[in-house]
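Residue-level structural notes
Residue strings, one per chain:
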Amino acid sequence: NAGTIERMLGHYLNLLKAVAENPERPISRLPLLTLGEREQILVDWNKTSRPYPQSTVQELFERQAESSPDAVALIFGDEKLSYAELNRRANLLAHRLRELGVQAEVKVGIHLDRSFDLVIGLLGILKAGGVYVPLDVETPQDRMTFMVQDSGIRVLLTHTDFLHRLPATWANTLCLDSFNFTPAQPSQNLSSGATPDNLAYVIYTSGSTGEPKGVEIPHRGIARLLFGQEFIQLGADDVILPTAPAAFDLSTFEIWGPLLHGGRCVLLPGKVATASDIGEAIRKHQVTTLWLTSTLFNAMITDTPEVLAPLRRLIVGGEALSVSHICRAQQLLPKVELINGYGPTEATTFAATYRIPRDTNPDAASIPIGKPIANTQAFILDQHLEPVPIGVPGELYLGGPGLARGYLNQPEFTARKFIPNPWGVGKGERIYQTGDRARWLADGNIEFLGRNDHQVKIRGFRVELGEIERVLAWHPEIQAAVAVLTERPDIGKQIVAYAVSRNGHQPSDHELRAYLKGKLPSYMVPSDFIFLEALPVTSSGKVQRRALPAPPAGATQTQRQIVSPRDRVEDELVRIWEALLGKSPISIRDNFYDLGGHSLLAVRSVAAIERTFGKKLPLSALINAPTIEQLAAILKDHRPAQPSSVVAIQSGGTKPPLFCVHGGGGEVLRFIPLAHALGPDQPFYGLRFPEFDGMLSQVTIGLLAQRYVEEICRVQPDGPYYLSGASFGGLVALEMARQLKQQGREVALLVLFDTANPAFYHTLSLMESLKYRVQRLGGKLRYLGGTLWRATPGNKLRMLGQTASSLRKRISYSAWDVTYRYFFWRQRPVPVRLRDNLKLFSALAKAHRPQPYDGLITLFKAVEQSAEFGPDPSLGWASVARQGVDVHEVPGDHMTILDEPRVATLADRLRACIDIAQMASSKPQPVREVPELHAAEGRLA
């Protein structure tokens, strides 16, 4: 058209003029823009300066808490938290963090799922002046260890349920589910000492070197994102439903967006929510704003678009948008405003946005990423950092106060990616090299064209393919590897790995996937592995990615036995999986995740099952029943899927596995120090109390033992078995041992940790019972008094301090201590599940009468309370064990024998008992793989 011809003539005239002025100038450095176009691109389209608060995040929140203290700030399930209460709890935590040395620029890790404690933790860290470092609850152990060490965090906030995921050497941990939020503590706002230029958080992203890199974001970046913007105006009537984990930078907008404007933040339990969960939350809480990755958006628009209809605005991003899905959404959601949001982590969440018009052309090549948001500059430059004309591809650079400070501990890489702004007017202005290819459109919008390197986006996460390649090449059977991104319209983007084996031996898909899951996040694990004789290379020796063979359509590389569907339910499930995963044939015994399934495909699978069978399944069903055979059994059984009680605390090692039954709290975190003290060669499995869906009145110790026996036999099909139980768990372990022997199975060892026979003490007379209780109290007082009497005056104070410190530490593990604090000090409520468990177990123990056991009982008895424990040194088990009771007295009391440092003595003696029992039984103990722990619905699966 005439406009294009005019621009072209202008370019030619500009080039001729430049050549005439300087004939020696290289052609590649000749200007391509007229002065008018240069002014338009560099200046006019970057006039985005707007006023925004020069304040820290905590200061902005405190103003909201002061102006609307009674307004609802957080919603989690059926619970609500006001601005005043959220501010109070965050202040309590901040005071404690300040005592631990947290101040400006001090980093604090936070390892939590979505919950009140997550937001309290983030806010408390900022109030203390610190920098929060979110660590995803599903991060593999190796990656977690690197991030903890690289970030140099001083304290880590978590829940007791997640302690097993932390590095074994990490000690500075604060468990918020046992933190004391009593009003007696200081709760006023602190002077944080932080400024808008201080860091607010560090988020780790994928790195091409094989290790993740930390992006440093200051407070001013968050303030610039949420204030003075035109693409969205948040207010007190806004309700936002976060869908991103805290370790994903979109959580910055989702959490602080509502909380800094007086709105409400609705927190969904669990890691990943189903479409029906999201829809129910939108309807129930009148959610106004939602952000979705383009992958999840496409899935919901395809499967369940109606759940999004009540929204006011829907922001989509993370990857290039699908034009067809956008057009479908506009037809089905006419009242919902659609916004394309673009931005790397280094630019604080959003750098450009595009309000998608209603008349989107279905034949359009792409959806633009829009114009730079307020206080953000965008430049599209060539390799010489010269601006390119409209319509010409170049590399996108970003500037403005939203830029990160840089990369943590990587000054050279920071200097390469954050360069001085050639057109900056202020001192120290920088621009960030995104690596994204883009071009200007004539209306000032930007069109995204892809990447200049091997970085990709998958399900909203930024992935360096080089990191996958390097980790895969570390495998001892892999000589070389390359990863590529593939895309299919029906299943979206997937990563495929090509590899060359080292000695002709090709590891199976399952083996490689298990190896990578221990080192990379699940979204970085390839869906397919293809082995080649050699990787195609160019004449210069570089891998020629375009010459790689296409992945085989509809089939995996692993040769496996195909078990066909046997009935209608299995046949329908196979059809659903083949459509979702794009693979055929699928065996009913194939693992969903081994076929390339991931969390978002699991969401779609559950939704498709609901539509087909009319039965709602929890998302955890695909975790605990990952095969069609298992899923079909759940659907045909008309019962909800139950999570396994078996928790693999330590699954490695060559010794026979030891199973340990929970104590009075129902959880198994208390066993972590014991498992570690036994050494890495001892497999250790905890048995936690399961959910019974309102059937607690029917539970007996016999039924519990029956269920636990079934579950340990799935892990270890054949004996001999090594069983143990702590306190109440000892009663269950004894009944398990009885049932196993009745089934003709061998029990090599039965260990009770300070468990008394409840029936024995019911046979005592009133005077004998009174005498026993007086003796027990006297023994404890004599032990404490004697220990203090023998100590020097200086040591007395030190011992009292150590006792107080030990008590605080025990609270993190011990259900009893939490209960004691509640009933006697009234400091905080006991969690409902814990309270119900304690009440139930107490009633079960009182009613239980252990039956004779045809075997030896090994009893570990707490010496600090059992020197005068009662009339029977075997705690009542001598009349039950037909082969006797082997009694071991160990340091500590009933609550501390499994805590450090006392647990070391117990572990030494227990290790000897296991070795002796193993010598007496020469049978091997094959153990099946137990899936690693998953956080489902805010608790251990």
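1. Topic: the environment of Arg 89
- Here Arg 89 is to be found in helix α4 (residues 83-99).
- Residue Arg 89 is classed as partly exposed on the basis of its relative accessible area, which comes to 22%.
- The sequence separation of Arg 89 and Asp 117 amounts to 28 residues, and the corresponding C-alpha distance is 9.3 Å.
- Those residues in contact with Arg 89 that sit more than four places away from it in its chain are Leu 81, Ile 120 and Phe 181.

2. Let's talk about the pairing of strand β28 (residues 658-661)
- Residue alternation in β28 divides its side chains into two sets, Leu 658 and Cys 660 and Phe 659 and Val 661, and both sets are buried.
- Pairing of β28 with strand β29 (residues 684-687) involves 4 bridges; the strand directions are parallel. Residue pairing for β29: Leu 658 is matched across the bridge by Phe 684.
- In the classification by handedness, the crossover that spans β28, the intervening helix α19 (residues 672-678) and the parallel β29 is right-handed.
- Pairing of β28 with strand β30 (residues 721-726), which is carried by 4 bridges, proceeds in the parallel orientation. Bridging across to β30, Phe 659 finds its partner in Leu 723.

3. A short note on the packing of aromatic side chains
- For the structure on display, the rule yields 18 aromatic pairs.
- Ring geometry for Tyr 132 versus Tyr 201: centroids 5.4 Å apart, planes at 25°, classification stacked. With Tyr 132 in strand β4 (residues 131-134) and Tyr 201 in strand β7 (residues 199-205), the pair connects residues that are 69 residues apart, well separated along the chain.
- Accessibility expressed as a relative area gives 4% for Tyr 132, which makes it buried.
- By relative accessible area, Tyr 201 is classed as buried at 0%.
- Each ring, one from Phe 248 and one from Trp 291, has its centre 5.9 Å from the other, and the planes form 70°; the classification is edge-to-face. In this pair, Phe 248 sits in the loop between β9 (239-241) and α8 (250-259) while Trp 291 sits in strand β11 (residues 289-293), placing the two residues 43 residues apart along the sequence. Here Phe 248 and Trp 291 have matching classes, each one buried.
- Ring-pair connections join several aromatic residues into one group, and the members of that group are Tyr 407, Phe 413, Phe 418 and Tyr 432.
- Note that Arg 89 overlies the ring of Phe 181, its terminal NZ or CZ placed 5.9 Å from the centroid.

4. Topic: the environment of Pro 258
- On the secondary structure map, Pro 258 appears in helix α8.
- Overall, Pro 258 belongs to the buried group, its relative accessible area being 1%.
- Sequence separation between Pro 258 and Leu 74 is 184 residues, and the spatial gap between their C-alpha atoms is 9.5 Å.
- Setting aside residues up to four positions removed in sequence, Pro 258 forms contacts with Tyr 83, Ile 240, Phe 253, Gly 263, Arg 264 and Cys 265.

5. Some words on a nonpolar patch on the surface
- On the surface, a cluster of nonpolar side chains totalling about 320 Å² of accessible area is made up of Ile 5, Leu 9 and Tyr 12.
- Tracing the sequence through the fold places Tyr 12 in helix α1 (residues 2-21).

6. A word on the packing of helix α3 (residues 57-67) against α4
- α4 packs onto α3 with a crossing angle of 135° between their chain directions and a minimal axis gap of 8 Å. The angle between the axes of α3 and α4 places the two elements in the oblique class. For the crossing formed where α3 meets α4, the hand is left-handed. Contacts between α3 and α4 pair Phe 61, Glu 62, Gln 64 and Ala 65 from the former with Tyr 83, Leu 86 and Asn 87 from the latter.

7. Some remarks on the pattern of salt bridges
- Inspection of every chain in the model, using the stated rule, returns 27 salt bridges.
- A salt bridge links Lys 213 to Glu 464; the shortest N-O distance between them is 3.8 Å. You can see Lys 213 sitting in strand β8 (residues 213-218) and its partner Glu 464 sitting in strand β23 (residues 461-464), a full 251 residues away along the chain.
- Of the charged contacts in the structure, one is a salt bridge between Glu 711 and Arg 707, with a shortest N-O distance of 3.0 Å. Pair noted here: Glu 711 and Arg 707 are both in helix α20 (residues 701-715), with a separation of 4 residues, about one helical turn. Per residue, the accessibility class of Glu 711 equals that of Arg 707, and both read buried.
- Put simply, Asp 237, Asp 238, Arg 312 and Arg 313 are held in one network by salt bridges that share partners.

8. Looking at the sheet that holds strand β13 (residues 337-342)
- In spatial order, the strands read β2-β1-β10-β9-β11-β12-β13-β14-β15; together these 9 strands make up an open sheet with mixed pairing. Edge positions in the open sheet fall to β2 (79-82) and β15 (371-372), since each of these has one partner strand only.
- Direction of pairing for strand β1 (residues 72-76) relative to β2: antiparallel, over a ladder of 4 bridges. Considered in β2, the bridge of Val 72 is made with Ser 82.
- Relative to β2, α4 is tilted by about 80°, and along the sheet it contacts β1 and β2.

9. Let's talk about the sheet that holds strand β33 (residues 885-890)
- Taken in spatial order, the 7 strands line up as β27-β29-β28-β30-β31-β32-β33 in an open sheet, and their pairing is mixed. The open sheet is flanked by β27 (646-650) and β33, the only strands paired with a single partner. Each adjacent strand pair in this sheet contributes to an overall mean axis angle of 25°, direction not counted.
- Against the sheet, helix α21 (residues 728-742) contacts β28, β29, β30, β31 (747-753) and β32 (857-862), and its axis sits at roughly 155° relative to β30.

Conventions and cut-offs
- Residues numbered from 1 in each chain as written.
- Predicted model: local features only at pLDDT ≥ 70, side-chain atom pairs only at ≥ 80, totals over all residues.
- Heavy atoms only, no water.
- Helix = DSSP H or I, 4+ residues; strand = E, 2+ residues; numbered from the N terminus.
- Buried < 20%, exposed > 50% of the residue type's maximum accessible area, 1.4 Å probe, protein only.
- Contact = heavy atoms within 4.5 Å.
- Pairing = 2+ DSSP bridges.
- Right-handed = clockwise from strand over helix to strand, strands pointing away.
- Phe/Tyr/Trp six-rings, centres within 6.5 Å; stacked < 30°, edge-to-face > 60°.
- Lys NZ or Arg CZ within 6 Å of the ring centre and 35° of its normal.
- Patch = residues over 30% accessible without salt bridge, like charges linked within 9 Å, V, L, I, M, F, W, Y side chains within 5 Å.
- Areas by Shrake-Rupley, 256 points an atom, 1.4 Å probe, with all protein chains shown as cover.
- Salt bridge = Lys/Arg side-chain N within 4 Å of Asp/Glu carboxyl O.
- Axes fitted to C-alpha atoms, helices over the stretch in contact; angles between N-to-C directions.
- Parallel < 35°, antiparallel > 145°, perpendicular 65-115°, else oblique.
- Left-handed = near helix turned anticlockwise from the far one by under 90°.

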